[in-house]
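Per-entry structural report
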Amino acid sequence: MAKKQAIETNEAGDAVEGQSVAGRALARSADQIRVALLKFVSDGAGPVTGAAGYATDRRERAGDADAAIRRIVRESQLSTGTSGFLTGLGGFVAMPVTIPAAFAGAALINARMVGAICHLRGYDLDDPFVQQMLLVTVAGGSANAALREVGVNVGRRAALAVDFHHGRIEGC
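So, how was this worked out
- Residues numbered from 1 in each chain as written.
- Predicted model: local features only at pLDDT ≥ 70, side-chain atom pairs only at ≥ 80, totals over all residues.
- Heavy atoms only, no water.
- Helix = DSSP H or I, 4+ residues; strand = E, 2+ residues; numbered from the N terminus.
- Areas by Shrake-Rupley, 256 points an atom, 1.4 Å probe, with all protein chains shown as cover.
- Core = buried A, V, L, I, M, F, W, Y, C linked by side-chain atoms within 4.5 Å.
- Buried < 20%, exposed > 50% of the residue type's maximum accessible area, 1.4 Å probe, protein only.
- Phe/Tyr/Trp six-rings, centres within 6.5 Å; stacked < 30°, edge-to-face > 60°.
- Lys NZ or Arg CZ within 6 Å of the ring centre and 35° of its normal.
- Axes fitted to C-alpha atoms, helices over the stretch in contact; angles between N-to-C directions.
- Parallel < 35°, antiparallel > 145°, perpendicular 65-115°, else oblique.
- Contact = heavy atoms within 4.5 Å.
- Nonpolar A, V, L, I, M, F, W, Y, C, P; charged D, E, K, R; others polar.
- 1 Å grid on protein atoms, 1.4 Å probe; cavity = no way out; pocket = protein on both sides within 12 Å on 5 of 7 lines; lining within 4 Å.
- Points joined across faces, edges and corners; volume = space filled by probe spheres on them.
- pLDDT = per-residue confidence, 0-100.
- Expected span 1.5 Å × (residues − 1).
- Salt bridge = Lys/Arg side-chain N within 4 Å of Asp/Glu carboxyl O.

1. Some remarks on the overall build of the protein chain
Along the backbone of the protein chain there are six helices and six strands. Reading the secondary structure of the protein chain in the N-to-C direction produces β-β-α-β-β-α-α-α-α-α-β-β. Accessible area of the protein chain: about 12,000 Å², with a carbon and sulfur share of 62%.

Below, the structure written as structure tokens:
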């Protein structure tokens with residue numbers, strides 16, 4: 001007898017068939033991180049302002065957007081470097097705690113930096129497309145590699161669909 005799999009939906013309403021409990025938990029965790037990161041970019045936390053307020057303040061201090069961006073990048077590099085140094089002080093014994101903390105801190109700092117630059121360049125930080133590009137930028141190499149691979153696969157499929165003998169695309 002075939003095992004019946006329930007069709008579930010994620011928060012976006014997309015069907016998620018046959019996903020394991022661990023896969024669903026990972027997806028929920030990733031979604032919670034995404035929401036928290038975007039909330040931090042939008043609103044900030046504690047004494048740390050959101051990206052738009054940070055960008056506006058830096059533009060007022062620097063005089064123009066390009067000078068503000070240079071300052072924001074410098075400040076973010078200094079903050080990330082300091083954070084990495086401080087989390088490394090615990091040594092080997094503290095690594096299970098300090099490595100995730102260092103990654104989380106760097107993600108927050110970089111997300112605010114990218115959000116501030118987007119704001120200075122006139123992008124709406126509430127636009128879902130801008131938010132997704134912000135997340136891809138902050139995620140860095142692994143997300144970019146995944147997107148690149150998707151592009152390569154799409155390109156390969158498109159190339160295979162071309163009828164080289166007649167220079168036409170199949171089905172056209």
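2. Some remarks on the nonpolar core
Ile 72, Ala 111, Val 114, Ala 116, Leu 120, Leu 134 and Val 138 are the most contacted members of the largest nonpolar core, which totals 21 residues. Taken together, the elements giving at least two residues each to this core come down to helix H1 (21-43), helix H2 (51-62), helix H3 (65-88), helix H4 (91-120) and helix H5 (128-139). With six residues, H4 is the single largest residue contributor to this core.

3. A word on the packing of aromatic side chains
Inspection of every chain in the model, using the stated rule, returns zero aromatic pairs. Here Arg 112 stacks its cationic end above the ring of Tyr 54, 3.7 Å away from the centre of that ring.

4. Overview of the packing of H1 against H5
The N-to-C vectors of H1 and H5 enclose an angle of 105°; their axes lie 11 Å apart at closest approach. Our classification of the angle between H1 and H5 gives roughly perpendicular. For the pair formed by H1 and H5, the contact residues are Arg 34, Leu 37, Leu 38 and Val 41 on the first element and Gln 131, Gln 132, Leu 134, Leu 135 and Val 138 on the second. In terms of residue class, the contact of H1 with H5 is built from six nonpolar, two polar and one charged.

5. A look at the layout of surface pockets
Approximately 390 Å³ is the volume found for the largest pocket. Taken together, 13 residues make up the lining of the largest pocket; nearest its centre are Ala 30, Ile 33, Arg 34, Leu 37 and Ala 107. Broken down by secondary-structure element, the contributors of at least two residues to the lining of the largest pocket are H1, H4 and H5. Ranked by the residues each element gives to the lining of the largest pocket, the list is headed by H1, at seven residues.

6. As for the confidence of the model for the protein chain
Across the protein chain, the average pLDDT comes to 75, with 70% of residues at or above 70. Within the protein chain, H2 carries the highest mean pLDDT (93), whereas strand E6 (residues 168-169) carries the lowest (44). Every residue in residues 1-7 is under pLDDT 50, and counting partners more than four places away or in other chains gives six contacts. Predicted confidence for residues 161-172 stays below pLDDT 50, and this span has eight contacts to residues more than four positions away or in other chains.

7. Details of H1
Helix length check: H1, at 23 residues, gives a terminal C-alpha distance of 32 Å against a target of 33 Å (1.5 Å per residue), a fit within 8%. Turning to H1, its buried residues number three or more, namely Asp 31, Leu 37, Leu 38, Phe 40 and Val 41. Tucked into the core, H1 has its buried residues touching strand E3 (44-45), strand E4 (48-49), H2, H4 and H5. Looking at the residues trailing H1, positive phi occurs at Gly 44, about 80°.

8. Here's the deal with the pattern of salt bridges
On inspection of all chains with the given rule, the structure shows six salt bridges. Measuring nitrogen to oxygen at the nearest pair gives 2.9 Å for the salt bridge that ties Lys 39 to Asp 43. Taken as a pair, Lys 39 and Asp 43 lie in helix H1 at a separation of four residues, close to a single helical turn. By relative accessible area, Lys 39 is classed as exposed at 51%. Residues Arg 58 and Glu 75 are paired through a salt bridge, measuring 2.9 Å at the closest nitrogen-oxygen approach. Of this pair, Arg 58 sits in helix H2 while Glu 75 sits in helix H3, and the two are 17 residues apart along the sequence. What you see here is one network of salt bridges that share partners, running through Asp 57, Arg 58, Arg 61, Arg 71 and Glu 75.

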